[in-house]
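What follows is each chain in one-letter form.
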Amino acid sequence: MLDEMQILKELEYTRTWGSKEELKAAKYIQTTLKKIGIESTLEKFKLNNSELEKVSLEVTKPYKKKYACNFYKLAGNATNLVKDVVFVKDINELRKYDVENKIVLLQGRIRYWKYKELIEAGCKGIVLGDGHLFAEDNDIDTRELREKLQELGKLPIVSCNIKDLYEMASKGVSQIKMTTVQKAFVGSSQNVVAHIKGRSKRHVVLTAHYDSTALSKGSWDNASGSVGLLKLAEHFSKNEPLHNMTFIWCGAEERGLCGSKAYVKKHKKELDKYDLCINLDMIGATIGKFLACVTGEEKMVGYIDYLSSIKGKACHCYQDVYSSDSTPFADNGIPAVSFGQGNPATPIHCCFDTMFLMNKDSFNDDYQFIEEFVSNMVNAKRIPIERTIPDNMKERLDIYLFRKRGK
Ligand SMILES: [Zn+2]
């Protein structure tokens with residue numbers, strides 16, 4: 001039997017998309033599968049990547065001070081760009097500010113519609129405050145400008161620590177000098193794919209991403225789901241399912257679901273045979289609310305609620321789009337459910353996501369529920385979920401994938 005805590009421990013290192021460590025984790029998953037008698041393939045896919053050449057950030061008015069900063073991958077280049085600054089307190093009230101020919105300072109991430117608004121308003125650069133105000137370290141995450149945003153134009157962007165952003169804002173920053181130069185190259189990531197043969201012609205696909213963000217060891221997000229998927233593979237290799245099962249450990253999820261997007265693109269012709277996608281993203285932490293997000297008909301919510309009731313296991317189940325590898329499948333007409341866990345006290349994508357969060361009993365409590373659900377699905381005479389995406393979920397997908405603007 002696979003030892004979940006041992007595997008989690010062995011995966012406790014940063015596995016950023018496109019990195020050597022991500023590849024090492026993929027090979028480790030393959031080796032683990034081999035130990036339980038399952039052959040797998042490594043499916044590589046290309047990813048635009050870039051390397052930092054230089055980056056700096058300096059407040060030049062009304063005081064002078066240099067601040068630590070990090071580049072924003074695949075954003076624009078600029079050398080000694082000096083501009084007046086607008087500090088934006090809340091990204092949702094962008095219209096309040098005149099950003100033309102200015103550098104904008106704001107907190108957090110920059111998403112599609114706000115980025116579009118900034119470009120259209122003539123903004124010339126962005127400084128983003130990132131991280132947690134009360135974290136002991138001053139580490140700054142490496143983020144990237146997603147393809148969809150690049151299409152709008154590449155503004156120079158740097159990230160700084162949120163503590164420094166507070167200082168700049170409270171000291172009334174009015175002018176900034178920034179440099180960010182990076183060299184682009186075509187890199188790669190990879191999915192690990194394995195199959196367990198069933199006795200029918202139908203298929204269920206199971207996904208979990210194994211990459212992490214740059215500052216995180218990613219034990220919870222999402223070594224936990226990857227280990228859950230390994231345990232499912234082990235279980236069903238010994239208990240032949242009625243329906244075929246395809247397992248995908250996805251790379252580069254944190255860069256925008258790149259692994260699952262690459263898979264559906266490469267296997268477009270085979271997607272017809274998949275009836276359901278089951279995704280695991282963040283399970284089994286010591287404390288946290290277990291949840292299931294259904295991108296499919298309402299009936300699936302009822303089904304999971306029923307299982308939750310008879311098991312006495314709380315599972316907050318709802319219909320929506322989950323920001324994880326289930327989404328590209330749902331967007332191709334395959335009903336999907338993501339199992340996960342939430343806890344406002346334990347932030348992810350930062351140094352706090354380590355083995356400290358994980359617990360064997362809690363992991364198995366979540367895992368057993370998932371195994372039972374998967375078992376019911378892959379052994380049902382006919383998978384009891386309509387192979388359709390209802391209109392309300394189609395609309396949520398359009399909004400999530402920036403085809404339509406939400407409220
Ligand atoms: Zn995740």
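Residues numbered from 1 in each chain as written. Predicted model: local features only at pLDDT ≥ 70, side-chain atom pairs only at ≥ 80, totals over all residues. Heavy atoms only, no water.

**Some thoughts on the coordination of the zinc ion**
The expected angle between donors at a tetrahedral four-coordinate metal is 109.5 degrees. At an octahedral six-coordinate metal it is 90 or 180 degrees. The zinc ion binds to the protein through His-209 (NE2), Asp-221 (OD), Asp-281 (OD) and Asp-281 (OD), with metal-donor distances spanning 2.0 to 2.6 Å. Relative to the metal, the four donor atoms surrounding the zinc ion lie at angles of 51 to 145 degrees, and the coordination shape comes out irregular. Written as a sequence motif, the donor residues of the zinc ion are H-x11-D-x59-D. Of this pair, Asp-221 sits in helix α6 (residues 219–238) while Asp-281 sits in strand β12 (residues 274–281); the two residues are 60 residues apart in sequence, bridging distant segments of the chain. Pair check on accessibility: Asp-221 and Asp-281 agree, each one buried. (Donors = N, O, S within 2.8 Å, 3.2 Å for Na, K, Ca; no water. Tetrahedral: all angles 85-135°; square planar, octahedral: opposite > 155°, others 65-115°. Helix = DSSP H or I, 4+ residues; strand = E, 2+ residues; numbered from the N terminus. Buried < 20%, exposed > 50% of the residue type's maximum accessible area, 1.4 Å probe, protein only.)

**Describing the side chain of Ser-224**
With respect to the helices and strands, Ser-224 occurs in helix α6. Engagement of the side chain of Ser-224 in a polar contact is seen with the backbone oxygen of Trp-220, the distance being 2.6 Å. (Polar contact = N/O pair within 3.5 Å; in protein donor to acceptor, adjacent residues only side chain to side chain.)

**Observations regarding the nonpolar core**
Ranked by internal contacts, the top residues of the largest apolar core, which has 60 residues, are Leu-232, Phe-247, Trp-249, Ile-304 and Phe-339. Residues contacting Ile-304, with those up to four places away along its chain left out, are Ala-292, Val-294, Cys-315, Cys-317, Val-337, Phe-339, Phe-369 and Phe-373. (Core = buried A, V, L, I, M, F, W, Y, C linked by side-chain atoms within 4.5 Å. Contact = heavy atoms within 4.5 Å.)

**Quick notes on unusual backbone geometry**
Following Lys-61, the chain continues to Pro-62 via a peptide bond in cis, the omega torsion being 5 degrees. Among the structural elements, Pro-62 can be located in the loop between β1 (40–61) and β2 (65–67). The omega torsion of the bond from Asp-221 to Asn-222 falls at 5 degrees, within 30 degrees of zero and hence cis. You can see Asn-222 is positioned in helix α6. For Met-282, which is not glycine, the phi torsion reads 80 degrees and is therefore positive. Relative to the helices and strands, Met-282 resides in the loop between β12 and β13 (289–295). Located in the positive-phi region is His-349, a residue other than glycine, with phi close to 55 degrees. Mapped onto the elements, His-349 comes out in the loop between β15 (336–342) and α10 (360–379).

**Quick notes on the packing of aromatic side chains**
Between two aromatic rings, the relevant description is the distance of the centres plus the angle of the planes. Counted according to the given criterion, the structure contains ten aromatic pairs. Between the aromatic rings of Phe-247 and Trp-249, the centroid separation amounts to 6.0 Å while the plane-to-plane angle is 20 degrees, which identifies the pairing as stacked. A residue is classified by how much of its surface remains accessible, and Phe-247, at 1% relative accessible area, is buried. Between Tyr-263 and Phe-329 the ring centres are 6.1 Å apart and the planes differ by 40 degrees, which places this aromatic pair in the tilted class. Taken together, the residues Tyr-263 in helix α7 (residues 258–266) and Phe-329 in helix α9 (residues 326–330) connect sequence positions 66 residues apart. Residues Tyr-263 and Phe-329 agree in their burial class; the two are buried. (Phe/Tyr/Trp six-rings, centres within 6.5 Å; stacked < 30°, edge-to-face > 60°.)

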